[in-house]
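Next come the chains, spelled out residue by residue.
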Amino acid sequence: LEGNIDYRDNESNYLRTKELSTKPNSNVTNRYETNWNAKALLNYSLSINEKHRFHFLLGTEALKSTRVSNYTNVVFEQGEEDWLFNNPAYDETNKTFTSYPNQDFSFISFFGRINYTFKDRYMFTGTFRRDGSSRFGENNKFGNFPSVSAGWVVSKESFWPENNFVNEIKVRAGYGVNGNDGTLSPNQYESLMATGYNYYFGGAPSVSLGSAPATLSNPDLHWEETTQKNIGVDFKLFNNFNFTAEYYNKLTEGILLQYQIPGYVGVTDLPWGNIGDMKNSGFEFELSYKKRFGDFNFNASGNFATLENEVTKLNGREFIGMGSFQTMNGEIARLMVGQPYGSFFGWKTNGIFQNWSEINAYVNSTGGLIQPNAKPGDFKWVDNDGDGQITDKDRAFLGNSLPKYTFGLSLNLEYKGFDLNAMFQGVAGNKIFQGLRRLDVSRANYQTVALSRWTGEGTSNDYPRLTTDDTNGNFTNMSDFYLQKGDYLRLKVLSVGYSLPKTLLDKISAEKVR
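All values reported here derive from a predicted model rather than from experimental measurement.

Participant: Whenever I open this one, the environment of A38 confuses me. Can you help?
Facilitator: For A38, the location among the structural elements is in strand β2 (residues 25-48). For A38, a relative accessible area of 34% corresponds to the partly exposed category. Residues within four places of A38 in sequence aside, it is in contact with E2, G3, T60, E61 and A62.

In structure tokens form, the structure reads like this:
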């Protein structure tokens, strides 16, 4: 059994003097926060003939978080001096008290696990969880999450010959379901009331204070569930190499995201829902090498992984727009079946018009200009739908922010007390949206790359002219102009050290000094 309780009481005071206001007033804000959790575990191990080994686990866990905010305001009469002491109890008749909505969260879980091994050759693990969260609607607070995994150490079979090439080999596979509620805040499945909706009544208009629902309720909001299947193999090679290869396939159902709804619905906050499904699949590889050469110790490991992501279902929608940027035309990204999650969406560029001849040559089937508002130095937009004009229908998917490849490398070197540790990490195959300047400041806030802009025929084919009259939408259209390659490799950690020898440590009564 174990548990803990965390209680926090925070008070902030603010005093406005009569020199700054008609009447002095004192504000006091109190915030109380209580967090507690408790866990109970029961373990049991069993061995039969030293061949069959079992381990059983049963447990439960519960936690609760409560946060309350209170606000007190006191107005002091002119000439009174008690306000100097910032005493909110000064005059009950001049005191106003406001309590903000509680932010409560509670969670409970029941779980069990069984581990079985036979001669350290065959392994099996099975778990089951039933979790309940107050973040979900009344109809779906609980979710069930099972998982199983199995392994086979092939090199321990009698038919496996001892050799110096493949020292060990293990095959494993797994299946499991995980639940997610972390993207939600308390009470987001409910339609809470919001103040500030004042209204005028009567022939002689008078303002009446009013409240209205801030969003739509969703009692069917439920856990986001990810089902993962994986199969892998582990090798020990040449006594010093370890190699792992694994294939994984994940299906996430009931993605938690806010719905887009029409403005005429009359709420200010977008409601939360389970908007659809997506899948992730790919391979993961890891290779490590460790060996000592006299006083020199060398250890290196590298990893490489691939990712294929695809939205497989949207509940009742063709697409969902995601994100906006200042006054830019169109959303930045879209969710759409068949595309990676959050793919960038906008217009495609096909270079820059260098002169009027190129503008006049870009015509449709009737001979009309496809971009009649363009001038030399403007982007040439791709007419994707072939209708002879540039419209919203010409927008297309431009890539996504999810890396197709991730990789890393770590090195550890030791020699006679000296050591060096380095870690490299990188990604490739993704795009990054570059939104570094304010679109409403047309004459400023540019990066130095703007110095290589188009200034005349042949000067640039990828950065348009600068103008305060952007009729072509060079900077206001969401396009591939705002996307950059996200590939990188960085040295994340570099550490060089020296450890004092033991003979010196004994003299200063220290265990280790580095």
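Participant: Looking at this model, I keep getting lost on the packing of aromatic side chains. Mind explaining?
Facilitator: In this description, an aromatic ring pair is defined by two values, namely the gap between the centres and the angle between the planes. On inspection of all chains with the given rule, the structure shows 28 aromatic pairs. On the numbers, 5.1 Å between centres and 70 degrees between planes, the contact of F165 with F238 is edge-to-face. One end of the pair, F165, is in the loop between β7 (142-153) and β8 (166-180); the other, F238, is in the loop between β13 (224-237) and β14 (241-253), and 73 residues separate them in sequence. Note on F353 and Y362: the rings are 6.0 Å apart at their centroids and 50 degrees apart in plane angle, and the pair reads as tilted. In this structure, F353 and Y362 share a single accessibility class: buried. Joined through ring pairs, the aromatic side chains of F325, F379, W381, F433, Y446, Y463, F475, F481 and Y482 make up one cluster. Over the aromatic face of F319 sits the side chain of R334, whose NZ or CZ is 3.6 Å from the ring centroid.

Participant: Explain the environment of F285 here, please?
Facilitator: In this structure, F285 sits in strand β17 (residues 276-293). Of the residues examined, F285 reaches a relative accessible area of 32% and is grouped as partly exposed. Residues F285 and V233, spaced 52 residues apart in sequence, show a C-alpha to C-alpha distance of 10.0 Å.

Participant: I tried to follow a nonpolar patch on the surface on my own but got confused; where do I start?
Facilitator: Together, I231, Y247, F283, F285, F304 and Y405 give the surface a local cluster of nonpolar side chains, amounting to about 530 Å² of exposed area. Checked against the element boundaries, F283 lands in strand β17. You can call F283 partly exposed: its relative accessible area is 41%.

Participant: Looking at this model, I keep getting lost on the nonpolar core. Mind explaining?
Facilitator: The tendency in soluble globular proteins is for nonpolar side chains to be buried as a group. Within the largest apolar cluster, 19 residues are counted, with the highest numbers of intra-cluster contacts made by M328, F344, F433, M478 and Y482. Residues within four places of Y482 in sequence aside, it is in contact with M328, I432, F433, Q434, L439, F475 and N477. F105, F107, Y189 and W223 belong to the second largest nonpolar core, which has 11 residues in total.

Participant: What am I meant to see in the pairing of strand β22 (residues 343-346) here?
Facilitator: Side chains S343 and F345 project from β22 onto one buried face, and the interleaved F344 and G346 project onto a second face that is buried too. Of the pairings in the sheet, the one linking strand β21 (residues 333-336) to β22 comprises 2 bridges and is antiparallel in character. What sits directly across from R334, in β22, is S343. With antiparallel pairing between neighbouring strands as the criterion, β21 and β22 make up a hairpin whose turn holds 6 residues, including G338 at a positive phi of roughly 95 degrees. Bridge analysis of β22 against strand β25 (residues 396-399) gives 3 bridges, and the strand direction is antiparallel. Note that in β25 the partner of F345 across the bridge is F397.

Participant: Hey, could you run me through unusual backbone geometry in this one?
Facilitator: The phi dihedral of N187 is positive, around 70 degrees, even though this residue is not glycine. On the secondary structure map, N187 appears in the loop between β8 and β9 (193-195). Using a relative accessible area of 23% as the deciding quantity, one classes N187 as partly exposed. In the Ramachandran plot, F238 falls in the positive-phi region, its phi being about 55 degrees despite a non-glycine side chain. By relative accessible area, F238 is classed as partly exposed at 42%.

Participant: How should the sheet that holds strand β20 (residues 319-322) be read in this particular structure?
Facilitator: Sheets are built from strands that pair by backbone hydrogen bonding, the pairs being arranged parallel or antiparallel. With antiparallel pairing, the 4 strands of this open sheet are ordered in space as β20-β21-β22-β25. Each having just a single partner strand, β20 and β25 make up the two edges of the open sheet. Across the sheet, the mean angle from the axis of one strand to that of its neighbour is 45 degrees, orientation sign disregarded. Summarising the sheet, β20 and β21 pair through 4 bridges and their orientation is antiparallel. Bridge pairing in β21 links M322 to A333.

The rules behind each value
Residues numbered from 1 in each chain as written. Predicted model: local features only at pLDDT ≥ 70, side-chain atom pairs only at ≥ 80, totals over all residues. Heavy atoms only, no water. Helix = DSSP H or I, 4+ residues; strand = E, 2+ residues; numbered from the N terminus. Buried < 20%, exposed > 50% of the residue type's maximum accessible area, 1.4 Å probe, protein only. Contact = heavy atoms within 4.5 Å. Phe/Tyr/Trp six-rings, centres within 6.5 Å; stacked < 30°, edge-to-face > 60°. Lys NZ or Arg CZ within 6 Å of the ring centre and 35° of its normal. Patch = residues over 30% accessible without salt bridge, like charges linked within 9 Å, V, L, I, M, F, W, Y side chains within 5 Å. Areas by Shrake-Rupley, 256 points an atom, 1.4 Å probe, with all protein chains shown as cover. Salt bridge = Lys/Arg side-chain N within 4 Å of Asp/Glu carboxyl O. Core = buried A, V, L, I, M, F, W, Y, C linked by side-chain atoms within 4.5 Å. Pairing = 2+ DSSP bridges. Axes fitted to C-alpha atoms, helices over the stretch in contact; angles between N-to-C directions.

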